[in-house]
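Per-entry structural report
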Amino acid sequence: MSPTAAQHSDGLTVADLVVTYPGRPPVEAVRGVSLTIAPGETVALLGPSGCGKSSLLGAVVGTIAPAAGNITWGDEELTRTPVHRRGFGMVFQDGQLFPHMDVARNIAFGLRMAGVDRDERDRHVKELLALVGLEGLGARAVGELSGGQRQRVALARSLAPRPRLLALDEPLSSLDAELRRRLAVEVREILRAAGTTALLVTHDPAEAETMATRVRRMADGKLI
Ligand code: ADP
Ligand code: MG
C-alpha cells in the first residue's frame, strides 16, 4: 500500500454499533450507529441527556463492550482491544485529576506509565503547560486550581501521550456559562494546534458548534 493510501485509510470508523445494558427489558442505549472521523477532525455528537452519548463514547474508547458492531482505526480492528492499547485518550466532565499529585505530575502521568525518561517528560510537560495556558503552574496542587484550570490540566494530561483520538465527554459541563463559552474556544484552538482527532459528546449546541469541525445529532440511541 502506498503511504498516501495508508493515510487515507486512517481515522476512526464506527460501524453498526449497538450497546445494551442488562435489565428487564434490556436497555438499548446505542441502536446501530455508524460514524467516521477523519484525521484532524473534531466531530461533536449533540443530543439530550440519556440519548446514548456516553455509551457510544465508552464503546469507542473501550470501557464498554458493545453488543454488536465494530470499531476500527484505519485497517486496525479495535473492537476487542483493551482500553490502554487503543492509543485513545479521554477527558471527562469533572476532570478526574489525581488529587495527591501536583499539576506537572498529573500531566506527566501517562508519560511515566509509558516509560518516557525524566528529561523528556519535563520538557513535554512544559510544552503542554504552555499549550493550555498554564505556564509556571506545574508545582501547584490541583486542589488550588479553579474549575477552568482543572479542565485545562485534564486536557493537557490526556494530550501528553499524543493519542490518535481524543474522546471528550461533556468536558465543560461542570463550568459556569461564561467560562464554558471562553474555554470552548480555547479547547478548539488547543485541539487544532495539537492536530488532534477528536470525538466530543455534549448536550450543549453552542459548545458543539464552537468546538467541532462537524456536528452530528443523536437521539434515542441513533444518529439523526
Ligand atoms: P447520555 O450520555 O447521552 O446521557 P448514556 O449513554 O449515559 O446517555 O445513557 C443511555 C441510556 O442507557 C440511558 O437510558 C441510561 O439510563 C442507560 N444507561 C447508561 N448506563 C447504564 C448502565 N450502566 N446500566 C444500565 N443502563 C444504563
Ligand atoms: Mg453522558
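Residues numbered from 1 in each chain as written. Chains lettered and ligands numbered in written order. Predicted model: local features only at pLDDT ≥ 70, side-chain atom pairs only at ≥ 80, totals over all residues. Heavy atoms only, no water.

1. Thoughts on the nonpolar core
If you look at the biggest cluster of nonpolar residues, it comprises 37 residues, and the most contacted ones within it are Ile 107, Leu 155, Leu 166 and Leu 168. The set of elements that each furnish at least two residues to this core consists of strand 3 (42–46), helix 3 (103–113), helix 4 (118–131), helix 5 (147–159), strand 7 (165–169), helix 6 (177–194), strand 8 (198–202) and helix 7 (205–211). Once residues lying within four places of it in the same chain are set aside, the contact partners of Leu 166 are Gly 89, Met 90, Val 91, Leu 155, Ser 158, Leu 159, Leu 191, Thr 196, Thr 197, Ala 198 and Leu 199. By size, the runner-up hydrophobic cluster in this structure holds 27 residues, among which are Val 19, Ile 37, Ala 167 and Leu 223. (Core = buried A, V, L, I, M, F, W, Y, C linked by side-chain atoms within 4.5 Å. Buried < 20%, exposed > 50% of the residue type's maximum accessible area, 1.4 Å probe, protein only. Helix = DSSP H or I, 4+ residues; strand = E, 2+ residues; numbered from the N terminus. Contact = heavy atoms within 4.5 Å.)

2. Digging into the sheet that holds strand 7
Within a sheet, adjacent strands bond to each other through the backbone by hydrogen bonds, running parallel or antiparallel. Pairing is mixed across the open sheet formed by 6 strands, whose spatial order is 6-7-8-3-9-10. Two strands in the sheet have a free side with no partner beyond their single neighbour: strand 6 (88–91) and strand 10 (222–223). Summarising the sheet, strand 7 and strand 8 pair through 4 bridges and their orientation is parallel. Paired with Leu 166 across the strands is Ala 198, a residue of strand 8. (Pairing = 2+ DSSP bridges.)

3. Remarks on the packing of helix 3 against helix 4
In contact at an axis separation of 10 Å, helix 3 and helix 4 are set at 125 degrees when each is read in the N-to-C sense. Considering the angle they form, helix 3 stands oblique to helix 4. Between helix 3 and helix 4 lies a crossing whose hand is right-handed. Residue-level inspection shows Val 103, Ala 104, Ile 107, Ala 108, Leu 111 and Arg 112 of helix 3 in contact with helix 4, the latter providing Arg 121, His 124, Val 125, Leu 128 and Leu 129. Within the contact of helix 3 with helix 4, the residues separate by chemical class into 8 nonpolar, 1 polar and 2 charged. (Axes fitted to C-alpha atoms, helices over the stretch in contact; angles between N-to-C directions. Parallel < 35°, antiparallel > 145°, perpendicular 65-115°, else oblique. Left-handed = near helix turned anticlockwise from the far one by under 90°. Nonpolar A, V, L, I, M, F, W, Y, C, P; charged D, E, K, R; others polar.)

4. Here's the deal with the pattern of salt bridges
According to the stated counting rule, one finds 12 salt bridges in the structure shown. Between Glu 76 and Arg 164 there is a salt bridge whose closest N-O contact spans 3.0 Å. Residue Glu 76 is found in strand 5 (residues 76–77), and its partner Arg 164 is found in the loop between helix 5 and strand 7; the two are separated by 88 residues along the sequence. For Glu 76, a relative accessible area of 37% puts it in the partly exposed group. (Salt bridge = Lys/Arg side-chain N within 4 Å of Asp/Glu carboxyl O.)

5. Description of the side chain of Glu 41
Mapped onto the elements, Glu 41 comes out in the loop between strand 2 (27–37) and strand 3. Taking relative accessible area as the criterion, Glu 41 reaches 17% and is therefore assigned buried. A distance of 2.7 Å separates a polar atom in the side chain of Glu 41 from a polar atom in the side chain of Arg 214. Not counting the four nearest positions on each side in its chain, Glu 41 is found in contact with Thr 36, Thr 196, Thr 197, Ala 198, Thr 213 and Arg 214. (Polar contact = N/O pair within 3.5 Å; in protein donor to acceptor, adjacent residues only side chain to side chain.)

6. Structural notes on empty space enclosed by the protein
With a probe scaled to a water molecule rolled over the atoms, the places where space remains empty come into view. Counted under the stated rule, the structure contains 1 cavity of 30 Å³ or more. What the largest cavity holds in volume is close to 60 Å³. Val 91, Gln 151, Arg 152, Leu 155, Leu 168, Pro 171, Leu 172, Leu 183 and Val 187 are the residues that line the largest cavity. When contributions to the lining of the largest cavity are tallied by element, the ones reaching two or more residues are helix 5 and helix 6. Of the residues forming the lining of the largest cavity, the biggest block, 3 residues, is contributed by helix 5. Mapped onto the domain boundaries, the lining of the largest cavity takes at least three residues apiece from domain 1 (1–87 + 168–224) and domain 2 (97–162). (1 Å grid on protein atoms, 1.4 Å probe; cavity = no way out; pocket = protein on both sides within 12 Å on 5 of 7 lines; lining within 4 Å. Points joined across faces, edges and corners; volume = space filled by probe spheres on them. Domains from an automatic or database assignment.)

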